[in-house]
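Read off the chains here:
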Amino acid sequence: MLGDNIQKYRKARGLTQEQLAAQIPVVRQTLSKWEKNLSAPDAQALLRLSQVLGVSVETLLDNPQKGENLSAELARVNEELAERNRRLEKTALAGRQRGKILFLSFLALGVALAVESLVVSAVSVGVCILLALGILYRNLPLLCQGQISPAQNRLLKLVTIFDGGLFAGLMLLSVLVGTGRVVLSQTQEKWLLVGLFSCLFLFFGAVSPRLPFQRHTGLRLPWTVLDEPTWNLAHKILGIIALPITVLYVAATLSCKDLDAVARVSVGALLLYIAIPGLLSLIFYLKQYGRLK
């Protein structure tokens, strides 16, 4: 780009920014902005740069064709710079939003480990998670860098709302149980747990095959977020196995005699639900890139 060329030929002539700026003449900060591709010189300054650096205007503009209208060419360069800077600004903003989400997620984990009170821990963790989901909800198009359609954006928002509602419900239930306002029998706790995991399997089984390739919602394994075909395969498998896993899970819990056994079966079913598409998509990824024969 123009700024890179100005910097390249300035250094080739052994000039500092101050020395070159003085010969244009402009202030050093202006030259620095040109070299960083934050702005572009006008036609008169560009001609002077060409003379001082000893290269043609066409070379500075990366345009080998002579005789082009200089004003039109500078307008094109300015448009390119503006578009580039808009992309950089969006990328920086997306990075800041991701940082907020990560901070809240780690804060929730830290609170869960450090706070002994069930009520305080549930409320604190719930608030952190809900705030993180709120940031995600408001910034989905930004975080996906405009690579999703309106329909896909609506689907991602639906999943985020489901997650938020689930966390809010669990937070409220934990507070009510922790304060003694609600007392659940072991049978009620068992079926509450079974219902929760069944809803998770069935909901994500329904939406997973339609989730677009992105890094924020879905089965975010190292190999699925790197490759779109691998992502699509993993989420298609999630949709296929959701109902069978749910049926087997409910059947297994019927034979459990206590809540601890139900909890172990629930965790096992969740791990199986993740492990099957995770392993099959990993094999697909390794074969696709020639790392597994």
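The model shown is predicted, which means the values in this text are computed figures rather than measured ones.

Colleague: It is not clear to me how the layout of surface pockets should be interpreted in this structure. Could you clarify?
Modeller: To locate leftover empty space, one rolls a probe as large as a water molecule over the atoms. There is about 1,800 Å³ of room inside the largest pocket. Lining the largest pocket are 49 residues, with Ile129, Asp163, Leu166, Phe167 and Leu200 positioned closest to its centre. Breaking the lining of the largest pocket down by element, the ones donating at least two residues are helix H6 (70–114), helix H7 (118–138), helix H9 (150–178), helix H10 (186–207) and helix H12 (259–288). Here the element with the most residues in the lining of the largest pocket is H9; it accounts for 10 residues. The class makeup of the residues in the lining of the largest pocket is 33 nonpolar, 10 polar and six charged. When its volume is computed, the second largest pocket comes out at roughly 170 Å³. As for the second largest pocket, its lining consists of Arg98, Leu143, Cys144, Gln145, Gln147, Ile148, Phe213, Gln214, Arg215, His216 and Val225. Partitioned by chemical class, the residues of the lining of the second largest pocket number five nonpolar, four polar and two charged.

Colleague: Explain helix H11 (residues 228–254) to me, please; I cannot follow it from the model alone.
Modeller: For an α-helix, the turn length of 3.6 residues means that residues three or four places apart are oriented alike. Its 27 residues place the ends of H11 39 Å apart at the C-alpha level, agreeing with the 39 Å of an ideal helix rising 1.5 Å per residue. The axis of H11 is deflected most strongly, by about 40°, at Ile241, and proline Pro244 appears within four residues downstream. For H11, the complete set of buried residues consists of Thr230, Trp231, Ala234, His235, Ile237, Leu238, Ile241, Ala242, Ile245, Thr246, Tyr249 and Thr253.

Colleague: How do you make sense of unusual backbone geometry when you look at a structure like this?
Modeller: Glycine aside, negative phi is the norm for most residues, and most peptide bonds take the trans geometry. Omega for the bond connecting Ile24 with Pro25 falls within 30 degrees of zero, at -5°, which places this linkage in the cis form. Looking at the secondary structure, you find Pro25 in the loop between helix H2 (17–23) and helix H3 (28–35). Here Asn37, not a glycine, exhibits a phi torsion of approximately 60°, which is positive. Relative to the assigned elements, Asn37 resides in the loop between H3 and helix H4 (43–53). When its relative accessible area of 3% is taken as the criterion, Asn37 is described as buried.

Conventions used here
Residues numbered from 1 in each chain as written. Predicted model: local features only at pLDDT ≥ 70, side-chain atom pairs only at ≥ 80, totals over all residues. Heavy atoms only, no water. 1 Å grid on protein atoms, 1.4 Å probe; cavity = no way out; pocket = protein on both sides within 12 Å on 5 of 7 lines; lining within 4 Å. Points joined across faces, edges and corners; volume = space filled by probe spheres on them. Helix = DSSP H or I, 4+ residues; strand = E, 2+ residues; numbered from the N terminus. Nonpolar A, V, L, I, M, F, W, Y, C, P; charged D, E, K, R; others polar. Expected span 1.5 Å × (residues − 1). Bend = angle between axes of the 7 residues up to and from the residue. Buried < 20%, exposed > 50% of the residue type's maximum accessible area, 1.4 Å probe, protein only.

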